[in-house]
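The lines below spell out each chain.
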Amino acid sequence: MTGIELFQLWLMAFVTLALFSFMYKDNPIYRIAEHIFAGLTAGYQVGLIWDTVILQQLWNPMIDGEWWLFIPGILGFLMFTRFSQKFSWISRMSLAFVMGVTAGIFIISQLHGLVLPQMQDTMIARTSVDKTVELPMTLQSESIFIVDSTTDMALLDSLYPEVKRIDKANPEEYIFSATYTEPSDKGMLEYYAPICSLIGVQDTTIKKEIAAMEVHDDNGIELTTNSDGTITATYSYSSFEKFNSGLYQPKIAVKKMSIMLILSIIIVIGVVSTLIYFYFSHEHVGALGVTAKVGIWFIMISFGAHFGYTVMGRVSLLIGRVQFLVEDWVGSFNQLF
Amino acid sequence: MNFWEKMEKMDRRWVYLMVGLSVILPFIFPLDLPISITPEAQSVFDEVEKIPDGSTVMLVFDYYPSTIAECEPMAIAALHHFFRKNCKVITLSNIPLGGPSMAEAVTRDMAEKYNKVYGVDFVNLGYKYGYVAVLSGMGQSIKSIFPTDNSGTPLEELPLMTNVPNYDSVAFIFEIADNATADYWVSIVYAQYGVPMVCGTTAVSAPKYYSFVASGQFKGLLGGMKGAAEYEQLVGHNAAAVTGMSAQSLVHLLIIFLVILGNISFFLGRKGHKKELV
């Protein structure tokens, strides 16, 4: 450990102990450490934004010819008019632009990324996988070879002349299809769901190594019940960007799912009653009052879980500092004494 | 003044002392307490295992230095896992204070252990202000958002980045966050581009993200130091989080004991107070 590193280590230990000293009582050493932290944070942030935003994304591109960037530059500069009572209204133009852009991005992303998927998941029944079984199946799909710019086409033609090729750069649609008979051992709240997989074949002649890949789960697979009682599962796949080049074989298995009815009901009751607790346009009496009270219970249980995790989080922070003091700082004593 | 009255009036600094000792002692006298693996942590491990060897992945350092104890062990374990599978790792941060430098220090340290070369096997894009614009913009072009890496090298000069124009070339995202940026990775990147992702987060944030795991938006979740310790075990590199869990368990036992003691003291005190009133 160099002298500078040792000095840094001792400075870190001093600041850590200075902040811990507040637990005994407020004192000047604690205040010094607190003010150093606040000052460093502000200074570091100003420097970072100057470098990564003002220079990298505004000034340098403008110098390189992207002159139109002066428009957002001026909009940013107008924000400083807030310091003047007379001209502060001008800053509203910049704020309006920021609000418009933010709303445009957020409305779509929040709705499609958070609200709708969470609502959808609340309403669908929870399931658990009991077992995955390999059933006798009639596979109607053939193996494929995913080709990219590194593939030796001459070698491929000699080794696998019959195998269908799919170009990674320009992939065509590949359809999985298999017919099977569903087992009769399912209960009332159970069902069988197919899983489609493309399994990479390890062939060191043409390609080093290909990992097994599960292409898709039970979503997006089309199921058709045939007249003889068998089921045909069909799944089309056209996105091969993430595949390594090599030979792949299709495989379809089924997994037995159980609908966890009680858990699904509890979740729906919890969500609805909690939302009703926050409905304040009507007095909480009668059925509304009872539902709101159920909602409070769900909220309290949620707070309990949050509190437990918060305790764990805060203790972890202390453990991190103690780990540093015991292992690094005390460990450095032998270099000094 | 009886025992329970003394308990009620106990100076809080005695509690600090007891918590402090419970944390320090396991580091001096290690306890080998078992750590069970939760399904969420197992999913994180399984999802990383599923990535084809040699794929390009993103490891996001969205945490402040204050939560290093919980988040850094996750990052280290993830790097062990990725480098072992010869994945190409792109690191970045949406946290101005320390994010890029922590990513740089941790990744370079791990890369040295696996003989990985900067620019070929891993790249640190660093930090850029405005995470919403950053996450959206990278879907079109990573280069337009990060013209250079963290140390100012243009992306054209880094072989790894010449093959990664946007999210389409990223097989997997491992987001480690101590704040709400994880929400935006889900609502912007997962919702619009469908890149599979897992999340490692602080214990304080973990309860919120369980619903994202249930809905399949996150494929797995590591919650706090416990989650980090589980992942360290699964990856097979027991380190800071596993060591810290003994102290964590001891403090939890102490807190449970103090909560019970405090409640008994409170109820007995209230009973005595009622008698006095009668």
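Given the structure is predicted, the values throughout are model-derived calculations rather than measurements.

Cut-offs applied
- Residues numbered from 1 in each chain as written.
- Chains lettered and ligands numbered in written order.
- Predicted model: local features only at pLDDT ≥ 70, side-chain atom pairs only at ≥ 80, totals over all residues.
- Helix = DSSP H or I, 4+ residues; strand = E, 2+ residues; numbered from the N terminus.
- Rg over C-alpha atoms; globule rule 2.2 N^0.38 Å.
- Buried ≥ 20, exposed ≤ 12 C-beta atoms within 10 Å, placed from the backbone.
- Contact = placed C-beta atoms within 7 Å.
- pLDDT = per-residue confidence, 0-100.
- Pairing = 2+ DSSP bridges.
- Right-handed = clockwise from strand over helix to strand, strands pointing away.
- Domains from an automatic or database assignment.
- Nonpolar A, V, L, I, M, F, W, Y, C, P; charged D, E, K, R; others polar.
- Axes fitted to C-alpha atoms, helices over the stretch in contact; angles between N-to-C directions.
- Core = buried A, V, L, I, M, F, W, Y, C linked by C-beta atoms within 7 Å.
- Parallel < 35°, antiparallel > 145°, perpendicular 65-115°, else oblique.
- Left-handed = near helix turned anticlockwise from the far one by under 90°.

Engineer: Can you help me understand the overall build of chain A in this one?
Structural biologist: Helix and strand counts for chain A stand at 8 helices and 9 strands. Against the 2.2 N^0.38 benchmark of 20 Å for 337 residues, chain A shows a C-alpha radius of gyration of 31 Å, more extended than a compact globule. Overall, the C-alpha framework of chain A stretches about 85 × 75 × 60 Å when taken along its three principal axes. Among the 337 residues that make up chain A, the fraction classed as buried is 12%. For chain A, restricting intrachain contacts to residue pairs at least 6 apart in sequence, the fraction spanning at least 24 positions comes to 62%.

Engineer: In this structure, what is going on with the confidence of the model for chain B? I would like to understand it.
Structural biologist: Where the model shows low pLDDT, its predicted coordinates should not be examined in detail. Averaged over all residues, the pLDDT of chain B is 90; the fraction at 70 or higher stands at 97%. Interface confidence for the predicted complex, given as ipTM, is 0.87, next to a pTM of 0.80.

Engineer: What am I meant to see in the pairing of strand 4 (residues 164-167) of chain A here?
Structural biologist: Every other side chain in a regular strand lies on the same face of the sheet, so the side chains alternate between the two faces. Residue and element names in this part refer to chain A. Judged from the 4 bridges that link them, strand 3 (residues 144-147) and strand 4 form a sheet pairing that is parallel. Bridging from a neighbouring strand, Phe145 pairs with Arg165 of strand 4. Following the chain from strand 3 across helix 5 (residues 153-159) to the adjacent parallel strand 4, one finds a crossover that is right-handed.

Engineer: Honestly, the domain arrangement of chain B in this entry has me stumped. Any pointers?
Structural biologist: Accessible area lost upon the coming together of the parts is a frequently used measure of interface size. Per the domain assignment, the segments making up chain B are domain 1 (3-30 + 251-277) and domain 2 (39-238). Here the C-alpha centroids of domain 1 of chain B and domain 2 of chain B sit 41 Å apart.

Engineer: Got a minute to help me understand the interface of chain A and chain B in this structure?
Structural biologist: With 43 residues of chain A at the contact, the number on the chain B side is 51 residues. Considering every element that reaches the side of chain A that touches chain B, the biggest residue donor is helix 7 (residues 286-329) of chain A, with 16 residues. Its residues assigned to classes, the side of chain A that touches chain B shows 22 nonpolar, 16 polar and 5 charged.

Engineer: Would you mind showing me how to read the environment of Ile195 of chain A here?
Structural biologist: Structurally, the position occupied by Ile195 of chain A is in strand 6 (residues 190-200). Sequence separation of Ile195 of chain A and Ile221 of chain A is 26 residues, and the distance between their C-alpha atoms is 8.4 Å.

Engineer: For this particular structure, what's the right way to read the sheet that holds strand 7 (residues 222-225) of chain A?
Structural biologist: The pairing of strands in a sheet happens through backbone hydrogen bonds and is either parallel or antiparallel. Residues and elements named next belong to chain A. Reading across the sheet, the 4 strands line up as 2-5-8-7 and stay open at both edges, with antiparallel pairing between neighbours. The two strands at the open ends of the sheet, each matched to only one other strand, are strand 2 (137-139) and strand 7. Sheet twist, expressed as the mean angle between neighbouring strand axes with direction ignored, is 20°. As paired elements, strand 2 and strand 5 (residues 174-180) share 3 bridges and run antiparallel to each other. Across the sheet, residue Leu139 finds its bridge partner in strand 5, namely Ala178.

Engineer: Please clarify how the nonpolar core should be interpreted in this entry.
Structural biologist: Among soluble globular proteins, nonpolar side chains are generally buried collectively. With 85 residues, the main nonpolar core has Val57, Leu59, Ala75, Leu79 and Trp185 of chain B as its most contacted residues. Considering every element that reaches this core, the biggest residue donor is helix 4 (residues 68-84) of chain B, with 11 residues. Counting 10 residues, the second-largest nonpolar core is a separate cluster that includes Ile144, Ile146, Phe243 and Leu247 of chain A.

Engineer: Help me out: how do you make sense of the packing of helix 6 (residues 131-140) of chain B against helix 9 (residues 181-193) of chain B in this one?
Structural biologist: A pair of packed helices can be characterised by two numbers: the angle between their axes and the separation between those axes. All names here are of chain B. Relative orientation of the contacting elements helix 6 and helix 9 amounts to 25°, with a least axis distance of 10 Å. Put simply, helix 6 runs roughly parallel to helix 9. For the pair helix 6 and helix 9, the sense of crossing is right-handed. For the pair formed by helix 6 and helix 9, the contact residues are Tyr131, Val132, Leu135, Ser136 and Gly139 on the first element and Thr181, Tyr184, Trp185, Ile188, Val189, Gln192 and Tyr193 on the second. Of the residues that constitute the contact of helix 6 with helix 9, the class distribution is 8 nonpolar, 4 polar and no charged.

Engineer: Is there a simple way to think about the confidence of the model for chain A in this case?
Structural biologist: Averaged over every residue, the pLDDT of chain A is 85; the share at 70 or more is 94%. Ranking the helices and strands of chain A by mean pLDDT puts helix 1 (residues 3-20) of chain A first, with 93, and strand 1 (residues 127-133) of chain A last, with 75.

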